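So the chains spell out like this:
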Amino acid sequence: MCTEKENSDSVYPQIERRKRLPDPVLREKGVSLWSVIKDSVGKDLTRVCLPVHFNEPISSLQKCFEDLEYSELLDQAYKHGKEGDSLQRILNVAAFAVSGYSSTEGRDCKPFNPLLGETYEADYPERGVRFFSEKVNYTPFQAVVSIYLNRSVQISVSKFHVNGLPLKLKQVSHHPTLIAFHCEGKGWKIWGESNLRAKFSGRSIQLDPIGVITLEFDDGEIFQWSKVTTNIYNLILGKVYCDHHGLMHIRGNRQYSCKLKFKEQSILERNRHQVHGFVEDLSGKKVATLLGKWDDSMYYINGYESGKPKDFSPSNSSLLWKKNDPPPNPTRYNLTAFAITLNELTPELQEKLPPTDSRLRPDQRGLENGEFDKANAEKQRLEKRQRMSRKLQENGWKPRWFKKDGDGPFYYAGGYWETREQGNWDGCPNNAQTLRENHVANSDMKLRVPSIPELPLDLFAEIANQYSVASRKRHHSEEFDLLIRCIIRAVNGRSFKGLVLYIMNHFFIRGNCKY
Ligand SMILES: CC(C)CCC[C@@H](C)[C@H]1CC[C@H]2[C@@H]3CC=C4C[C@@H](O)CC[C@]4(C)[C@H]3CC[C@]12C
């Protein structure tokens, strides 16, 4: 734990991280997507909780950090730039932008969709980086794509038939999960939003990333780029896999910019996953050529060569990046050695984490431990609770660590690591505060926080939801009155307003994210 290793020009401490996932407690029973669909005929599938069988024990917040597996390339880029070699800097940045895709090969599970207010921190001093991400929007539906069966209508436009039934896929969510992240390395910072627009296009699902990634070096050089399109194939039949294609333009604020093309796969093309491109200077002169594969390695040669990949040989090209070896104990989820470390929870870490950290989600932890029934039950409970407080969330929820100005992108507002240092997650301004201001403008309401005996959390959510509906309609529904009367009886006649405030406070202290 305490030895130190020379890494580029800084000294990083060495830290032991786990090399494998825990052995599953139970044997997993197979689940077919069909059996899930079959049981859901006629239901609004956004309300159907997908069993954890289709998940990997990583949340989307953690997945964002997977793109930083090769952050060493950015350390290199910083060093080169400092030594006046701007070309090497942009080449390393380009290799970094491609390297983030390498972990997607062979992965066929869905990451956990973060709950509102969920956060993830990664403090990796052995790499010189500190990463933080938060789910920043409210997603009205859990599923990006809803699947429903059309039994009665015989003439169907859908292209799929499952067990003789036509299957129609319909996109329902226009507010995909939005995640903001911020990462600090030695000599650089990188931040952005991870947001995807999903389109179902007959053969596959197309995910178009929205937003830009910004990389800023301490000497003021900035690069910005957007990710390319991802397609997911074989969702219904066969083995699920994804592929990436499109143009990536890395714009710099100084001398160079870089254009990379991720080639779309074709049946004829035997050479898959290819990426090629070039670096050009301000005058448009192409000064270097890049070539490689997003799931393997990237090379460059000085000067521009429009030739085919076969023109590249180890003698005339130099290696920029090579993918790490797969872990010695492969997981069912095909996680990389780096990804295996992301959800590790040591007792020391547990003490420091805020209650909103992905590592504390019981459903995800259950899946990781192979306690599948427990994981499913927890997932259902958490998703149901999140749906129930929907109205209140729509009205006044704000992320805690990221801000935005007008329509601009979210940026890190600061303070997370400082709060962590103090170890007091309750003391800082919280979502409860914001909500109280938005919804309870009446100043004569005094906030008493009564010690209410443990009430089921679902009930809290439902009350909060009803309260928000009622306060807009200016009258309470009968069911709502009944509910409230029951609760008041349960808590021995505490004041209604105080109770509601307490509930809101209790429920939203950490967004919707108290497990
Ligand atoms: C229901 C089950 C069977 C479907 C499994 C779908 C898998 C293949 C999907 C679900 C979520 C997807 C990821 C969502 C977001 C991103 C970020 C993007 O910039 C690169 C692709 C990447 C990393 C996707 C890769 C494919 C992915 C992992």
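All figures in this text were calculated on a predicted structure; none of them were measured in a lab.

**Some details on the packing of aromatic side chains**
One pass over the structure, following the stated rule, counts 22 aromatic pairs. Note on Y70 and W321: the rings are 5.5 Å apart at their centroids and 80 degrees apart in plane angle, and the pair reads as edge-to-face. Here the residue Y70 occupies a position in the loop between helix 2 (60-66) and helix 3 (72-82), and W321 occupies one in strand 21 (residues 318-322), the gap between them amounting to 251 residues. On the numbers, 6.0 Å between centres and 10 degrees between planes, the contact of F132 with F402 is stacked. Residue F132 is found in strand 6 (residues 129-135), and its partner F402 is found in strand 22 (residues 402-403); the two are separated by 270 residues along the sequence.

**A word on the layout of surface pockets**
Reported here for the second largest pocket is a volume of approximately 1200 Å³. Taken together, 44 residues make up the lining of the second largest pocket; nearest its centre are E69, R127, N324, A337 and F338. Those elements giving two or more residues to the lining of the second largest pocket turn out to be strand 1 (4-7), strand 2 (10-13), helix 3, strand 21 and helix 5 (337-341). Of the residues in the lining of the second largest pocket, the class split is 18 nonpolar, twelve polar and 14 charged.

**Let's talk about the site of the ligand**
Around the ligand sit 15 residues in total, of which K63, D108, L196, K227 and T230 are the nearest. Measuring from an oxygen atom of the ligand, one finds a side-chain N or O atom of K227 at 3.1 Å. Elements represented by at least two residues in the shell around the ligand include exactly strand 15 (229-233) and strand 16 (241-252). Tallied by class, residues from the shell around the ligand come to eight nonpolar, three polar and four charged.

**A short note on unusual backbone geometry**
Its identity as a non-glycine residue notwithstanding, H273 has a phi of 65 degrees, on the positive side. Tracing the backbone shows H273 in the loop between strand 17 (256-262) and strand 18 (274-281). For N334, which is not glycine, the phi torsion reads 60 degrees and is therefore positive. Its place among the elements puts N334 in the loop between strand 21 and helix 5. Taking the relative accessible area as the measure of exposure, N334 reaches 40% and is therefore partly exposed.

**A closer look at the pairing of strand 6**
With respect to burial, strand 6 is a largely interior element, six of its seven residues being buried. Summarising the sheet, strand 5 (residues 119-124) and strand 6 pair through six bridges and their orientation is antiparallel. In the sheet register, T119 faces strand 6, and the bridge partner there is E134. What sits between strand 5 and strand 6 in their antiparallel hairpin is a turn of four residues, with G128 showing a positive phi close to 75 degrees.

**Here's the deal with the pattern of salt bridges**
Enumeration according to the criterion identifies 20 salt bridges in this entry. Between E280 and K259 there is a salt bridge, with the nearest N and O atoms lying 3.6 Å from each other. With E280 in strand 18 and K259 in strand 17, the pair connects residues that are 21 residues apart, well separated along the chain. Residue classification places E280 among the buried positions, given a relative accessible area of 15%.

Rules behind the numbers
Residues numbered from 1 in each chain as written. Predicted model: local features only at pLDDT ≥ 70, side-chain atom pairs only at ≥ 80, totals over all residues. Heavy atoms only, no water. Phe/Tyr/Trp six-rings, centres within 6.5 Å; stacked < 30°, edge-to-face > 60°. Helix = DSSP H or I, 4+ residues; strand = E, 2+ residues; numbered from the N terminus. 1 Å grid on protein atoms, 1.4 Å probe; cavity = no way out; pocket = protein on both sides within 12 Å on 5 of 7 lines; lining within 4 Å. Points joined across faces, edges and corners; volume = space filled by probe spheres on them. Nonpolar A, V, L, I, M, F, W, Y, C, P; charged D, E, K, R; others polar. Near = heavy atom within 4 Å. Polar contact = N/O pair within 3.5 Å; in protein donor to acceptor, adjacent residues only side chain to side chain. Buried < 20%, exposed > 50% of the residue type's maximum accessible area, 1.4 Å probe, protein only. Pairing = 2+ DSSP bridges. Salt bridge = Lys/Arg side-chain N within 4 Å of Asp/Glu carboxyl O.

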